[in-house]
Amino acid sequence: MPGAPILEVRDLRVEYATGGGAVRAVDGVDLDVHQGEFVGVVGESGCGKSTMLFAIARLLSPPAGITGGSVVFHGQNLVTMAEKELNVLRWRDLSVVMQSAMNALNPVASIGAQLRDAMEAHGKFTAAQVRERSAEVMSLVGIDPVHLKSYPHQLSGGMRQRAMIAMALLFTPDLVIMDEPTSALDVVAQRSLMLQIKELQRELGFAVVFVTHDMSLVSHFSDQLLVMYGGQVVEVGPTRTVFDTPAHPYSRGLLDAFPSIRGPRVELTGIPGSPPDLGAPPSGCRFQPRCPVAEDDCRVIAPALYQVGAAQSRCLLNDPRRAGAPAAEPDVEVGP
Amino acid sequence: TPSHNSTTTNSTPDDINAPRKKGGTVTISNEQGQTWTCQFNPFNPANYLESVGFVYEPLVFVDLLNNQAETPMLASSYQWSADKKSIVFTIRDGVTWSDGQPFSADDVAFTFNLLKQYPAMDLYSLWTGAGLQSVTASGNKVTMNFSQAAQPYFFNFANQVGIIPKHIWSTGDAAAHPDTWTDTNPVGTGPFMVSPCSANNIQYVANPHYWQAGKPYIQKVEYPAYLDNGPANLDLANNKAQWGSQFIPGIKQFYLAKSANNHTWSPPVTNVAIFPNLDPSHAATSKLAVRQAIASAIDRSKVALIGEGGQQPAANQTGIVTPTFSKYYDASAVSSAGYAKPNTAKATQLMASAGYSKSNPLKLSIITITGYTDWAASLAVIKQELAPIGIDLTITPLAQQTFDDKLFNGDFDLAYYGEPGGPTPYYELRQILYSKNSAPIGKQASFNYERYLNPDVDKLFDQYAAADDATQVSLMKQIGAAMLRDVPIIPVTESVDWFQYNTTDIGGWPTEDNPYAQPSAFSVPDTGQVLTHLYSKSAQ
Amino acid sequence: MTSLLVQPTAATPAPATTSRRGRGGALASLLRNRKATVGLAIFLVFCVLAAVPQLFTSVRDPNALSFVPSQQPSGAHWLGTTALGQDIWAQLVYGARQSLVIALVAGLCATVLSVLIGVSAAYLGGVADEALSMLTNVFLVIPTFPLIIVLATYAGKGTLLVVLIVLVVTGWSYGANQLRAQALSMRNRDFLESARVRGERRSYIIVFEVLPTMTSLILANFLGAALYSVLTAAGLQFLGLGDPNSISWGTMLYWSQSQQALQTGMPLWAIAPGACVALLGVSFALMNYAFDEISNPALRPVRRNRARRTHS
Amino acid sequence: MTIPSQATQAGPPEGAAGQAPLLETRKLTKHFKVGGALSRRNLHAVDDADLTINRKEIVALVGESGSGKSTVARLLAGVYRPTAGEIRYQGRPLTAMRGRRQLLEYRGDVPMVFQDPFSSLNPAYRVSHGILRGLKLHRHDLNRAQRFEEALRVTEAVGLNPAAEILERYPYELSGGQRQRIGFAQALAYRPKLILADEPVSMLDVSIRIGLLNVMARLRAEEDVSFLYITHDIASARYVSDRLMVMYAGHVVESGPTEAVLADPKHPYTQLLLSAVPDPRAPLAVTAEAAKGEPPRVIDPGPGCRFRWRCPLAIDECATVTPLPRPLGPGRQAACHVATADPVPSARTTPVSTSDTKAGADAQPG
Amino acid sequence: MNYVLRRLGFFVLTLWAALTLNFFIPKFMPGSPINALRDRTRGKVSPAALQQMLTAYGFKPHQNLFVQYLNYLGDMFSGHWGVSIGATLGTPVSTLIGQALPWTLGLVGIATVLAFVLGSLIGIVAAWRRGGKVDSILPSVFVVTSALPYFWVGLLLILMLSVWTNGFLPSDFNYDNTLQPSLSPGFIGSVLKHAILPAGTILITSIGGWILTMRNNMITTLAEDYVRMGRAKGLSNRRIMYGYAARNAMLPNLSGFAMSLGFVISGAILVEYVFNYPGLGYLLYNAVQNTDYPLMQALFMLFTAAVLIAVLLCDFATAWLDPRARAKG
Ligand SMILES: Nc1ncnc2c1ncn2[C@@H]1O[C@H](COP(=O)(O)OP(=O)(O)OP(=O)(O)O)[C@@H](O)[C@H]1O
Ligand SMILES: Nc1ncnc2c1ncn2[C@@H]1O[C@H](COP(=O)(O)OP(=O)(O)OP(=O)(O)O)[C@@H](O)[C@H]1O
Ligand SMILES: [Mg+2]
Ligand SMILES: [Mg+2]
């Protein structure tokens, strides 16, 4: 990837304060996003994907709070930024598409009104300008601008998601954060939306951080793939590398959980057990209780991210010292 | 033929009748529980108290508290026929209506004939009950003919009916339905005129055309609406109002102690009594011994003292209200009947004869009206007094409507109640004891709720109408004796005309020494008398 | 007809049950809540007063006119005596029973009625639902207090029974509406569908599958109905529409008002019974609100957490 | 662990010949009234669906959201009464079953597993509640202790260990996967012949899904249970099912042995569906725009193919004549005027090319 | 349209049901206006005359019940409410109501609306400043005030601000009796002064409920994705607070507000009784005490209609503010 990353996340930590103690939902995540890049983030439900995204956009509200780390966007640390400055930057440079458009759109305001809202928060526009730009972005995502007058509940699921994306593209930001924008949709609709996002990205050149729990969905679209487990990044690398040669047993397990519609029919196993409770994560490697290849010291030693070819993996088995390979620095930064 | 010429009856001290200068304002504090409707139709029983006496005047005023002393009002005199079936009024000259029109005998005849035409207006059933046959005017005379001796009704037709102006009531809305006409701007002969009336206050101003020269002295009367006793009493205590007409709890501390000029005088007028159910279907209360026992056991003065806070006097078993009607009262009969003092021993014995004792008590329930706090307190005392003689009394307070229903239909063992009266005990006792006022259990009785049916007593009442004064007194004593003998009801205390007054600026109030009229603001037409006597000290 | 429905503000029962059971039963979590503990404590105190009033006063017949009237508070009469000569403290103590009985019995009956009507309406659906919700809505919209006054005035002497009936008749509709909405939202829950497919009878499903999941709402409703009953009954008695012979706080208020206690220098006579009504009401309200907090954790008081401080 | 053994096997499994299929529907139709009490409009959720499920067979029913899959399952489970058509169970029409007894028996034979593991268990009860109630209703021969034994057995059979402890828990104490297994255990407790599984895994995480599919396969192999497996995930349908039925807007548009249909989809809708499935193991075949539009809500439809607005191959006839299922090869049927029995030559190499279409999304019937 | 029709249908049906109830309840209750009037005239007037009198005023209890019912329904809708047959015998019911209505509207109406508006605002702010000082004490305080009986608060206020302070504030009636109604500052001042205590009572007892429900709704709404979305869009706090969160949180409260009007009336009766305020509540109390059927029935209908109309308006307001409600129809 050329140039410096537009987004640099370092050692990001987020906790939920609960009655039963702190739940560390994001635990030391590092992430780099370059101009125009498509970064896929996958992981099971509850592994902290949404929390991480909201932390990046500084959208967490109590009881969640960022307890450490930095989010540097265009050279500014969002974590320490004042709300006022943040508001200037939001949506112009960094926009968000949320998991469920039904909930993320204000149910009592028309789509047009919500677009206008966003525009008016970032400058003075005449009514005509607003109308024009709104119609423009709506057409961009393939919705008839007549729907600007519609209310969210009057649109189908797919249209709502598209409208959300249209809204995110109002100012042609540098980075769009997407939290499972397609998970409520049908395969067919999902497919067409994905293609559209990719197309828009090619056209407009923004970078995307795309969260999903469906690994196969991003397989064709993302440049970088980040696999999360239990609040941590367990594997990160170029998408194809991760798919072709998954280094972490969890990634392998995930891949093994997808039956194919074209390949030979083989028996798949999935991953037994269930994800860890982030309030009391298991000692050592977090995946260790479900890991088919776990060894004794996995229970004791918390692995770091180890470089494995073009990717990095958080598995002791990938520890170069263990494998006898030349020692790599643990906790290497993401990216080649 | 006895005739009453009333010019001589007024024997009040001079200073009261001495001429006064005009001026000053009186404020009445008499809780009504509602704001004013500003209707002054004197035949509307819901609000005639605000017009009769103030605006409308009767033919003759009868002073109940002073041996029926009569004051000629719109009639300067009258003459009964010998059989008392006909009466001729001589109508006063020189009276004008408050709108300046002259008053005449025609107006009087018109008034009474209107009552015939609209029975709803005939509040005292003159045409239906009293046997009125015709009312005619000729010159300054008005003649009323009755089908029977009508002397007892004199109080009603001469004293209670306010005379209305023909020239107003024979035109327009008033003529179309005089019974429901609102009469918002009443024209009368009385001392005052309404000006103005609002929901919160009626203001009366002196009638410049008033026929009693120089009267009224007071130039303005304020009659504010009170929704509750509390503020009404407060205004009295603070002398914001001078004329009070309601029960004041703890009157000594709350009212009298506030100022040396605060006074109270509440003359007794009727009885508050225990009404036992005499119908045979009520085994216990229809038993004479039980009633006698109750009558003997109750310490009436204690009830009056504790229950009524001493503001109502004790009653006696004859039902003659004393001292108001002492003339009819036979004290010796009472003591010889053994009711002069409470007698627990005798009562216990009587109960024993009926088969009850302290260990085998008679369970009785007495109904009363919710919210009559003094009655409740009285009953509490009665309950305590009846316990030792073997009566276990349950007090059952009922909502007014429910109480009425049960009382009228005879659905009770004992009821605590009081009935209205009149210028002599005859009126109250006839209501209570006359058999035609009764009805079988389950039917509404008009007054005789205890269902006392005694032809002998009926006869006494029948004779009264045509009888002369002395006979009337004797008849009443005989009726008192029946009360002692049969104990049809058990009078406990005497209910009074509530009256409080302030003498800081206002003089001329009726007092015990000079009871020239019933003093309460809810006694009509007595209010007219009081209002023409009051004067402002500061204006003199 | 559904837009009249007041949507229950409580969270859906599933998470509610979850969070409560999760930490050892409804009672335990109630006890952990400060508002609930205060409410419960007040309630228990009144329960004790109601159960054994004779432990707290030597007076046996608090309505008897046994003392010198209108005394100021003293050692002998802690709160003084009434203008009729009754010991105010004794009346207060003995009065707890009726207020409590009214609260509990009326609350319970009204709740049972709400459950019956609300849940059946939701579950039966169709015409039955239309009819029952119509009924509910009519009772909801009709101004109840005037109705109560009319009923209580005419229905005889305002005995306890009459007051109770009146309270139940007018008090059930709000809860029924809530429960119907809640049950309606559950009607097509998979576990009910599952019971139906299993072959369970309708009655079994309503009683054993639907109701247990609504316990928190039902309990909240009971507390609400109890609060309503306490206040309304006291109001009625205050207006003199109760049984003036009974010993209850509302009746005390009625007597004190009719004897002008405030104006005649006996404020305790009016204030003390009112305070008791208020306290009992407050105890129900506190428990109810605490219940809300327990079933909807979002409402609980938050302390600004450590996390937030790092970047604010 | 049992590999889906019938993977290669086409057509009905053994013992089907001469004997009535386990369950069969004829022209099964369900319409719903929509739009308030006064409205006469009908939503055609399922129209004229013929389907057959044989003994020991897993039939997958796929289709987009709203195509009527759940309605079919509910019709079969007896939750809804069909508007028209017939359901025959072991040769006997369902309508012929009289009384609660017989119906209970049917319910015992054909239980249902629900989609949402989070709401399909009553939160107020321990998870054993549903299983024990089911046993009480359907297994009269068992006493209390035996019922508990049986509950333990089925719990273990779906791979939950230790069964005794898990049965004592409340639903919220279990993970989604565990709850869904309880759902299967409930169904299994009746000793059913056929389990109607309505999207039993779609709410679960991918890592857990496959485990449950394996449970289904094993139950078929070991307990001789047939399944109606409803899903919109064709890959998982392929993984477990013997036969595949594709629904679109209330119609069954294609059916046949799973492998055969996937290898050579006849109906354009099946083709579209297949092309949309992402497959990380295969390279992205197209960059072209996928079909626009969404399946119509079928309210009082006229005649004609309901896919015609989105169909790249639509001809005039499609707008006037409703295509009926036609046999197209062994055990295969498709309801399309255009489809032919010949294999689509390019189907394998460029499976999505056919969906490169400009079908008008706005022309849908409302 | 369908929606409007349905709502109107509900309106008519409920009104009809309430009116019918209203017609029959007094019919089957003991007591009669005649007896009440007898008590009022202290028995001086003969029952026969009273009977005649009431007949003259339109009280005809012996008519065929069904005819009465039809007449009654007709009269209720046509506004021919008849004349009072109770303590205010002969006064047209409409006059009585006309006299009392402005006072109740002015006092109870304004106090209630004020409580709703203020309560909602405080609730919104408290929820927005979640965890702040206000928010931490607020629920406890207002849970307590919302459970206090109206009349007791009234009595306390009277005691503290009137009795103990020697009538610092008037504790009864709507204005000083010595004044004539006019627009003079003296009169208006008197009206306001007389309104302070009763209005304060209503405010104190009813504001808590609004604060709490609004706070709870707001907290729930603030956790919604669209609020977070508003932040993501970089909207100002005010815009999010009022335009996004409060507006949505308000919706469920609207119908609650309409419903609460019913409770307002009950509160009004007690408050007006305690403060002897000559409003509708007091009128009703009197009507009941005096068996004044026409007045009772007209008031009852008025109350029901008022609540219904409020519900209807709130329904339409909700529909106007919430497009989803419109769709549900
Ligand atoms: N309010 C909260 N209080 C406590 N813990 C929370 C809260 N919200 C989320 N969590 C925990 O934080 C963790 C991460 O949640 P998050 O929503 O980020 O997961 P996710 O990966 O986005 O899951 P999904 O795929 O289901 O959206 C979860 O384990 C969850 O239990
Ligand atoms: N009880 C019902 N009343 C009215 N319409 C219904 C009902 N149940 C289903 N429908 C409608 O019938 C159609 C088919 O619904 P169904 O639930 O069978 O679809 P599905 O294929 O299961 O969809 P999904 O994949 O979303 O579960 C839908 O348009 C749905 O709205
Ligand atoms: Mg998420
Ligand atoms: Mg479905």
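Residues numbered from 1 in each chain as written. Chains lettered and ligands numbered in written order. Predicted model: local features only at pLDDT ≥ 70, side-chain atom pairs only at ≥ 80, totals over all residues. Heavy atoms only, no water.

### What about the overall build of chain C?
Here is the rule we go by: Counting from the N terminus, the helices are the DSSP runs of H or I reaching at least four residues and the strands are the DSSP runs of E reaching at least two. Buried means the residue's accessible area, taken with a 1.4 Å probe over protein chains only, is under 20% of the maximum for its type, while exposed means over 50%, and partly exposed covers the values in between. Whether two residues touch is decided by their heavy atoms; if any such pair falls within 4.5 Å, the residues are in contact. For the area figures, the Shrake-Rupley method with a 1.4 Å probe applies, and any residue is considered shielded solely by the protein chains shown.
Scanning chain C for helices and strands turns up 14 helices and zero strands. For chain C, the N- to C-terminal ordering of α and β elements is α-α-α-α-α-α-α-α-α-α-α-α-α-α. When each of the 312 residues of chain C is scored for burial, the buried share is 64%. Long-range pairs, those at least 24 residues apart, make up 71% of the contacts in chain C with a sequence separation of at least 6. Total accessible area computed for chain C in this model is approximately 11,000 Å², and 66% of it derives from carbon and sulfur atoms.

### Observations concerning the overall build of chain E
So the rule is basically this: Counting rule for charge: Lys and Arg are taken as positive, Asp and Glu as negative, and neither His nor the chain ends is counted. Charge positions are represented by NZ for Lys, CZ for Arg, CG for Asp and CD for Glu.
Helix and strand counts for chain E come out as 13 helices and zero strands. Once the C-alpha set of chain E is aligned to its principal axes, its extents read approximately 80 × 60 × 35 Å. Long-range pairs, those at least 24 residues apart, make up 75% of the contacts in chain E between residues at least 6 apart in sequence. Charge centroids of chain E, computed over 22 positive and 11 negative side chains, lie 7 Å from each other.

### What to know about the UniProt feature "transmembrane region" (unreviewed entry) in chain C
What counts is decided by this rule: UniProt positions are given in the numbering used here, feature names are shortened, and annotations may be inferred rather than shown by experiment.
Under the UniProt annotation, the feature "transmembrane region" (unreviewed entry) is placed at residues 36-56, 100-124, 131-154, 160-179, 204-231 and 268-291 of chain C. Strand forms 0% of residues 268-291 of chain C and helix 100%; the C-alpha atoms that close the span are 33 Å apart.

### Remarks on the pattern of salt bridges
If the charged atoms of two oppositely charged side chains come close together, the side chains can form a pair. Residues and elements named next belong to chain A. Applicable threshold: What makes a salt bridge here is a side-chain nitrogen of Lys or Arg within 4 Å of a carboxyl oxygen of Asp or Glu, nothing more.
Considering all chains together, one arrives at 41 salt bridges over all chains under this definition. When the shortest N-O distance is used, the salt bridge between R133 and E136 registers 3.1 Å. Here the residue R133 and the residue E136 both occupy positions in helix α5 (residues 127-140), the gap between them amounting to three residues, near one helical turn. Accessibility expressed as a relative area gives 18% for R133, which makes it buried. When its relative accessible area of 43% is taken as the criterion, E136 is described as partly exposed. Three or more residues are tied together by salt bridges with common partners; here these are D11, R13, E15, R24, D27 and R286.

### A look at the UniProt feature "transmembrane region" (unreviewed entry) in chain E
All names here are of chain E. The feature "transmembrane region" (unreviewed entry), as given by UniProt, occupies residues 7-25, 103-128, 140-164, 191-212, 254-275 and 295-321 in the numbering adopted here. The distance separating the terminal C-alpha atoms of residues 7-25 is 27 Å; by composition the span is 100% helix and 0% strand. The span residues 295-321 is 100% helical and 0% strand by assignment, and the distance between its end C-alpha atoms comes to 38 Å.

### Focus: the interface of chain C and chain E
We count it as follows: Buried area is understood as the total, over both parts, of accessible area removed when two parts are fitted together, assessed with a 1.4 Å probe. Two N or O atoms form a polar contact when they lie within 3.5 Å of each other; inside protein one atom must be a possible hydrogen donor and the other a possible acceptor, and for residues adjacent in sequence the pair counts only when both atoms belong to side chains.
With 51 residues of chain C at the contact, the number on the chain E side is 57 residues. When the two sides are added together, the surface that chain C and chain E hide from each other amounts to roughly 5,100 Å², 76% of it contributed by carbon and sulfur. Remark: the boundary between chain C and chain E carries zero salt bridges. Across the contact surface, chain C and chain E share four residue pairs in polar contact (both at pLDDT 80 or more). Within the residue set of the side of chain C that touches chain E, elements represented by two or more residues are α5 (126-141), α6 (144-154), α11 (215-238), α12 (249-258) and α13 (267-295) of chain C. In terms of residue count, the dominant contributor to the side of chain C that touches chain E is α13(C) (13 residues).

### Observations regarding the interface of chain B and chain E
Going by this rule: All residues other than Ala, Val, Leu, Ile, Met, Phe, Trp, Tyr, Cys, Pro, Asp, Glu, Lys and Arg, Gly among them, are scored as polar; the first ten of these are nonpolar and the last four charged.
Counting residues at the interface gives 47 residues for chain B, matched by 45 residues for chain E. Interface of chain B and chain E: buried area, both sides summed, is about 3,700 Å²; carbon and sulfur atoms make up 50% of it. It is N200(B), L227(B) and Q401(B) in chain B that bury the most area against chain E; as a group they hold 17% of the surface buried on that side. In this structure, the connection of chain B to chain E is made through six residue pairs in polar contact (both at pLDDT 80 or more). In terms of residues, the side of chain B that touches chain E owes the most to one element, helix α13 (residues 400-409) of chain B, which gives six residues. For the side of chain B that touches chain E, a count of residues per class yields 22 nonpolar, 20 polar and five charged.

### Quick notes on the site of ligand 2
All names here are of chain D. Inclusion rule: Think of it this way: one heavy atom of a residue within 4 Å of a molecule or strand is enough to make that residue near it.
In the vicinity of ligand 2 there are 14 residues, among which S65, G66, K69, S70 and T71 approach most closely. The contact in question runs from an oxygen atom of ligand 2 to an N or O atom on the backbone of S67, over 3.2 Å. Within the complex, the protein chains bury 69% of what would otherwise be the 630 Å² of accessible surface of ligand 2. In terms of residue count, the dominant contributor to the shell around ligand 2 is helix α1 (residues 69-77) (three residues). Across the shell around ligand 2, the residue classes break down as four nonpolar, six polar and four charged.

### A word on the state of the cysteines
Residues and elements named next belong to chain B. Basically, it comes down to this: When the sulfur atoms of two cysteines come within 2.5 Å, that pair is taken as a disulfide.
For the structure on display, the rule yields one disulfide over all chains. The disulfide partner of C38 is C197, and the gap between their sulfur atoms is 1.8 Å. On the sign convention where negative is left-handed, the bridge of C38 and C197, at about -85 degrees about the S-S bond, is left-handed. Note that C38 is positioned in the loop between β1 (25-29) and β2 (60-63) and C197 in strand β8 (residues 192-198), a separation of 159 residues in sequence.

### A look at the nonpolar core
Worth spelling out the cut-off: In this description, a nonpolar core means a group of buried Ala, Val, Leu, Ile, Met, Phe, Trp, Tyr and Cys residues linked to one another through side-chain atoms lying within 4.5 Å.
One finds F89(B), F112(B) and F157(B) to be the most contacted residues of the largest nonpolar core, which totals 324 residues. Looking at this core element by element, the count peaks at 15 residues for helix α12 (residues 293-321) of chain E. If near-sequence neighbours (up to four positions away) are discounted, F157(B) is found in contact with L59(B), W80(B), I87(B), F89(B), F112(B), L126(B), M144(B), F146(B) and A150(B). The next biggest cluster of nonpolar side chains, apart from the first, holds 105 residues, and it includes L31(A), L155(A), I165(A) and L195(A).

### Description of the side chain of R74(D)
One can find R74(D) in helix α1. Apart from the residues lying within four places of it in its own chain, the contact partners of R74(D) are E193(C), V79(D), Y80(D) and M112(D).

### Side note on the site of ligand 1
All names here are of chain A. Surveying the vicinity of ligand 1 reveals 14 residues, the closest of which are S45, G46, K49, S50 and T51. One of the backbone N or O atoms of G48 is found 3.1 Å from an oxygen atom in ligand 1. Summarising the interface, the protein chains cover 67% of the accessible area of ligand 1, which totals 640 Å² for the free molecule. Among the secondary structure elements, those contributing two or more residues to the shell around ligand 1 are β1 (7-18) and α1 (49-56). Element by element, the count of residues in the shell around ligand 1 is highest for α1, at three residues. In terms of residue class, the shell around ligand 1 is made up of four nonpolar, seven polar and three charged.

### Description of the pairing of strand β9 (residues 243-248) of chain D
All names here are of chain D. Inclusion rule: Here a strand pair is declared whenever DSSP counts at least two bridges between the two strands.
By the criterion of burial, β9 is predominantly enclosed, with six of the six residues buried. Of the two faces of β9, the one carrying R243, M245 and M247 and the one carrying L244, V246 and Y248 are both buried. Relative to β9, strand β3 (residues 58-63) is paired through five bridges, and the arrangement is parallel. Across the sheet, residue V59 finds its bridge partner in β9, namely R243. Taken together, the six bridges between β9 and strand β10 (residues 251-257) define a ladder with antiparallel strand orientation. In the sheet register, M247 faces β10, and the bridge partner there is V252. The antiparallel pairing of β9 with β10 creates a hairpin that spans two residues between the two strands, and A249 there sits at a positive phi of about 50 degrees.

### Details of the arrangement of the chains
When the seven pairs of chains in contact are ranked by number of contacts, first place goes to chains C and E. The two units chain A and chain B are non-contacting; their minimal C-alpha-C-alpha distance is 49 Å. Where chain D comes nearest to chain E, the C-alpha atoms are still 8 Å apart, and the two do not contact one another.

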